[in-house]
Amino acid sequence: MNDIPAPIPSTYKIRPATEHDMPQINGIVNHEIAVSVNNFNYGPRSEQDGLAWFRATIAGGYPIFVATSTVEGGAEEVVAGYSSLGSFRQKDGYRFTAEYSLYIHHEHRQRGLGKRLLKDLLIEAKLRNFHAIIGSISEGNEASVHLAKSFGFRVVGTMKDNGFKFNRW
Ligand SMILES: CC(C)(COP(=O)(O)OP(=O)(O)OC[C@H]1O[C@@H](n2cnc3c(N)ncnc32)[C@H](O)[C@@H]1OP(=O)(O)O)[C@@H](O)C(=O)NCCC(=O)NCCS
């Protein structure tokens, strides 16, 4: 990783994700797995597992959005972040509840993308008739708490000592 920030693209676009976005989505998730407790996996998600996650999410009736940018002069579309919904719990009665995921590439943070991706996700959640959306946020993730609260999420409980990573609970 170098310290040069990503060039600020003139525009970011939000659109539904496709399978072609998965390598870049995986890159964002795998960076977060390596450096933080915002994802409690220990090792990187393989390309195959990423694709399986994508297909199961879409087949389950849940949306996935990406924020993309094209840097001036660059041909390639860069995935700067994604948001998605997924199953909260599998039992029938929870089918109107979903849990959200939101990851912004570390070089594209604090440019309003988290806000835009979460906003579009919550609009889509309403269109798909979800009744309750859950966010599970790890201790110390103040940016996420701030963002969630700004969309009207409330703290409804704290689960203590249920995740173990980097040699601590
Ligand atoms: C949390 C995260 C999604 C925020 O994305 P982002 O694009 O940087 O957020 P935005 O630029 O849209 O900012 C949203 C708000 O959070 C605030 N914020 C963002 N990063 C912040 C930080 N590091 N510390 C304090 N506040 C922060 C912004 O100031 C803004 O506040 P405002 O609405 O009062 O102006 C991003 O940091 C991230 O991907 N983190 C790692 C993965 C993660 O934690 N996912 C969520 C798990 S539930």
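Residues numbered from 1 in each chain as written. Predicted model: local features only at pLDDT ≥ 70, side-chain atom pairs only at ≥ 80, totals over all residues. Heavy atoms only, no water.

As named in an unreviewed UniProt entry, the chain is N-acetyltransferase domain-containing protein, taken from Linnemannia gamsii.

Details of the overall build of the chain
A count of helices and strands for the chain gives four helices and five strands. Helices (α) and strands (β) of the chain occur, in sequence order from the N terminus, as β-α-α-β-β-β-α-β-α. Compactness check: the chain gives a C-alpha radius of gyration of 16 Å against a globular reference of 15 Å for 169 residues, within 12% of the reference. The principal-axis extents of the C-alpha atoms in the chain amount to approximately 50 × 40 × 35 Å. Scored against the burial criterion, the 169 residues of the chain give a buried share of 36%. Counting only carbon and sulfur atoms, one obtains 52% of the accessible surface of the chain, whose full area is about 11,000 Å². Taking the 19 positively charged and 17 negatively charged side chains of the chain as two groups, their mean positions are separated by 8 Å. (Helix = DSSP H or I, 4+ residues; strand = E, 2+ residues; numbered from the N terminus. Rg over C-alpha atoms; globule rule 2.2 N^0.38 Å. Buried < 20%, exposed > 50% of the residue type's maximum accessible area, 1.4 Å probe, protein only. Areas by Shrake-Rupley, 256 points an atom, 1.4 Å probe, with all protein chains shown as cover. Lys, Arg positive; Asp, Glu negative; His and termini not counted. Charge placed at Lys NZ, Arg CZ, Asp CG, Glu CD.)

What about the site of the ligand?
If you check the shell around the ligand, you find 19 residues, and the closest are Leu-102, Ile-104, Gln-110, Asn-141 and His-146. A distance of 2.6 Å separates a nitrogen atom of the ligand from a polar backbone atom of Leu-102. Taking Ser-144, its side chain carries an N or O atom lying 3.4 Å from an oxygen atom of the ligand. Relative to its unbound accessible area of 930 Å², the ligand is 75% covered by the protein chains. (Near = heavy atom within 4 Å. Polar contact = N/O pair within 3.5 Å; in protein donor to acceptor, adjacent residues only side chain to side chain.)

Looking at the packing of aromatic side chains
Following the criterion strictly, the structure yields six aromatic pairs and no others. Ring centres 5.6 Å apart and planes at 15° place the aromatic pair Tyr-62 and Phe-130 in the stacked group. Residue Tyr-62 is found in the loop between helix H2 (47–59) and strand E2 (64–69), and its partner Phe-130 is found in the loop between helix H3 (113–127) and strand E5 (132–134); the two are separated by 68 residues along the sequence. Cluster of aromatic residues (ring-pair linked, three or more members): Trp-53, Tyr-82 and Tyr-103. Seen from the ring of Trp-53, Arg-45 lies directly overhead, with NZ or CZ sitting 4.9 Å from the centre. (Phe/Tyr/Trp six-rings, centres within 6.5 Å; stacked < 30°, edge-to-face > 60°. Lys NZ or Arg CZ within 6 Å of the ring centre and 35° of its normal.)

Concerning a nonpolar patch on the surface
Together, Tyr-42, Phe-164 and Trp-169 line one region of the surface with nonpolar side chains, adding up to about 400 Å² of accessible area. On the accessibility criterion, Trp-169 (56% relative accessible area) is exposed. (Patch = residues over 30% accessible without salt bridge, like charges linked within 9 Å, V, L, I, M, F, W, Y side chains within 5 Å. Salt bridge = Lys/Arg side-chain N within 4 Å of Asp/Glu carboxyl O.)

So, the pattern of salt bridges
One pass over the structure, following the stated rule, counts seven salt bridges. A salt bridge links Glu-19 to Arg-55; its shortest N-O distance comes to 2.7 Å. Here Glu-19, found in the loop between strand E1 (12–16) and helix H1 (22–35), pairs with Arg-55, found in helix H2; they are 36 residues apart in sequence, far enough to count as distant. Given a relative accessible area of 47%, Arg-55 falls into the partly exposed group. What emerges from the salt-bridge pattern is a single network uniting Lys-13, Arg-15, Asp-21 and Glu-77.

Focus on the environment of Glu-139
Within the secondary structure, Glu-139 sits in the loop between E5 and helix H4 (142–150). Sequence separation between Glu-139 and Ile-33 is 106 residues, and the spatial gap between their C-alpha atoms is 15 Å.

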